[in-house]
Number of protein chains: 2
Amino acid sequence: MKYCSISEVSAKFNIPESTLRYYEKKGLLPRIERDEAGRRLFSEVQMALLQTVICLKNTRMPIREIKQYMDWIQEGDATIERRLEMMTKHKQKVLDEISLMTDSLQGIDEKIKRYTNRIREERS
Amino acid sequence: MKYCSISEVSAKFNIPESTLRYYEKKGLLPRIERDEAGRRLFSEVQMALLQTVICLKNTRMPIREIKQYMDWIQEGDATIERRLEMMTKHKQKVLDEISLMTDSLQGIDEKIKRYTNRIREERS
DNA sequence: TGTTGACTTAAACCATGGTTTAAGTCGTAT
DNA sequence: ATACGACTTAAACCATGGTTTAAGTCAACA
């Protein structure tokens, strides 16, 4: 089993060390193992969990909610239904968010076209 | 020309009055006209500008940048190229953001499938 | 005339999500 | 031996984007 130091994890996932420590403190990552000197050792499992945290953050799930989800993972199979419900609802929120952004992009595209035309006309 | 009070605009755009005042103070809306009693009167033009602010906010443009854009609109035609450049760059950021969310949705979908299967098996 | 209700302001307050700082502990290369 | 670099902690600090509060003004209705 390979372990990574915080600097390696930071480089690998492109996340500041301070943020990794902050995530652990906030409970987004289960208690990370330590070496004899107290330094964090990230196992493969913990890096997989970090990948999940990143996925949820990319879709803008708030930290409190991510913590709840990670807590449920630690609790084991008894929480699977709650996790399914959370992910299903979250997925819908993300789809709604993507729709809103996609719709709003049309307003931006209009401006781009308008400005492009105005500049073209001006040059003629 | 029809004017709207702040409460009407708040209802129409579903934005708290406090937020509308905050936007004006931050310079996202040009100085709103007032009646004799000092109350805000939103003209059609200002509501169109507000719609633009909302569009940019929906796509997560930061307030400072929206302010810059609105300032350029007030400055007139001399700023059209800068506005075009800003909108073009912003559009790309929004597309990148949508891609990231869309990709991350796959991780969420996997979890949903896994949990769904586990629950189905458990019931059998 | 006086009391609502809708508005005004400046300033204080709040939540979120980190980042930075200060002080200290190791392990190792010189 | 010591000095350096990588790490540790708790606590302070910061930016962003509002929201809330307190104190006051005004119009209209009873």
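All values reported here derive from a predicted model rather than from experimental measurement.

1. Structural notes on the environment of Y3 of chain A
Residue and element names in this part refer to chain A.
Stage number 1. Mapped onto the elements of the fold, Y3 is located in the segment before helix 1 (6–13).
Stage number 2. Sequence separation between Y3 and K26 is 23 residues; the distance between their C-alpha atoms is 22 Å.
Stage number 3. Setting aside its immediate chain neighbours within four residues, Y3 contacts E8, E33, L41, F42 and S43.
Stage number 4. A distance of 3.3 Å separates the side chain of Y3 from the side chain of E33, its partner in a polar contact.

2. Structural notes on the layout of surface pockets
Stage number 1. The computed volume of the largest pocket comes to approximately 160 Å³.
Stage number 2. Forming the walls of the largest pocket are A48, L49, T52, Y69, I73 and R83 of chain A together with K111, R114, Y115 and R118 of chain B.
Stage number 3. Taken together, the elements giving at least two residues each to the lining of the largest pocket come down to helix 3 (44–58) and helix 4 (63–75) of chain A together with helix 5 (80–122) of chain B.
Stage number 4. At four residues, helix 5 of chain B tops the list of elements feeding residues into the lining of the largest pocket.
Stage number 5. Counted by class, the lining of the largest pocket contains five nonpolar, one polar and four charged residues.

3. Topic: unusual backbone geometry
Residues and elements named next belong to chain B.
Stage number 1. Positive phi is not limited to glycine here, since N14 has a value of about 55°.
Stage number 2. Locating N14 in the fold gives a position in the loop between helix 1 (6–13) and helix 2 (17–26).
Stage number 3. The phi angle at R60 is positive, at roughly 65°, despite the residue not being glycine.
Stage number 4. Considering the arrangement of structural elements, one finds R60 in the loop between helix 3 (44–58) and helix 4 (63–75).

4. Brief notes about the UniProt feature "domain: HTH merR-type" (unreviewed entry) in chain A
Stage number 1. Taking the numbering used here, the UniProt-annotated feature "domain: HTH merR-type" (unreviewed entry) corresponds to residues 3–72 of chain A.
Stage number 2. Between the C-alpha atoms that bound residues 3–72 of chain A there is a distance of 24 Å. The span itself is 61% helix and 6% strand.

5. Quick look at the protein's contact with DNA strand D
Stage number 1. Contacts to DNA strand D come from 20 residues, most closely from S7 and R40 of chain A together with T19, K57 and R64 of chain B.
Stage number 2. Taking all atoms of DNA strand D within 4 Å of the protein, the share assigned to sugar and phosphate is 81%.
Stage number 3. Interatomic distance of 2.8 Å between a side-chain N/O atom of S7 of chain A and a phosphate oxygen of DNA strand D.
Stage number 4. Sorting the residues of the surface near DNA strand D by element identifies helix 1 and helix 2 (17–26) of chain A together with helix 2 and helix 4 of chain B as the ones contributing at least two each.
Stage number 5. By residue number, the principal contributor to the surface near DNA strand D is helix 2 of chain B, which donates four residues.

6. Section: the protein's contact with DNA strand C
Stage number 1. Taken together, 20 residues sit near DNA strand C, with T19, K57 and R64 of chain A together with R21 and R40 of chain B positioned nearest.
Stage number 2. Backbone sugar and phosphate groups make up 82% of those atoms of DNA strand C lying within 4 Å of the protein.
Stage number 3. R40 of chain B is positioned such that a nitrogen or oxygen atom in its side chain is 2.6 Å from a phosphate oxygen of DNA strand C.
Stage number 4. Taken together, the elements giving at least two residues each to the surface near DNA strand C come down to helix 2 and helix 4 of chain A together with helix 1 and helix 2 of chain B.

7. Section: the relation of the copies chain A and chain B
Put simply, the two copies of the chain differ by a rotation about an axis and a shift along that axis.
Stage number 1. Screw-axis analysis of chain A against chain B gives a translation of 0.0 Å along the axis, an RMSD of 0.0 Å, and a rotation angle of 180°. Taken together, these values place the two copies in the relation of a two-fold axis. Within chain A, the C-alpha atom positioned nearest to the axis of rotation is that of I98 of chain A, 3.1 Å from it.
Stage number 2. The overlap is high: 100% of the interface residues of chain A also sit at the interface in chain B, so the same surface is used on both sides.

8. A closer look at the packing of helix 3 of chain B against helix 4 of chain B
Residues and elements named next belong to chain B.
Stage number 1. Between helix 3 and helix 4, the shortest axis-to-axis distance is 10 Å and the interhelical angle comes to 145°. The way helix 3 lies across helix 4 gives a crossing that is right-handed. Between helix 3, through L49, T52, V53, L56 and K57, and helix 4, the contact on the second element is made entirely by I63, I66, Y69, M70, I73 and Q74.
Stage number 2. Across the contact of helix 3 with helix 4, the residue classes break down as eight nonpolar, two polar and one charged.

Conventions used here
- Residues numbered from 1 in each chain as written.
- Chains lettered and ligands numbered in written order.
- Predicted model: local features only at pLDDT ≥ 70, side-chain atom pairs only at ≥ 80, totals over all residues.
- Heavy atoms only, no water.
- Helix = DSSP H or I, 4+ residues; strand = E, 2+ residues; numbered from the N terminus.
- Contact = heavy atoms within 4.5 Å.
- Polar contact = N/O pair within 3.5 Å; in protein donor to acceptor, adjacent residues only side chain to side chain.
- 1 Å grid on protein atoms, 1.4 Å probe; cavity = no way out; pocket = protein on both sides within 12 Å on 5 of 7 lines; lining within 4 Å.
- Points joined across faces, edges and corners; volume = space filled by probe spheres on them.
- Nonpolar A, V, L, I, M, F, W, Y, C, P; charged D, E, K, R; others polar.
- UniProt positions renumbered as here; feature names shortened; annotations may be inferred.
- Near = heavy atom within 4 Å.
- Least-squares fit on C-alpha atoms with pLDDT ≥ 70 in both.
- Axes fitted to C-alpha atoms, helices over the stretch in contact; angles between N-to-C directions.
- Left-handed = near helix turned anticlockwise from the far one by under 90°.

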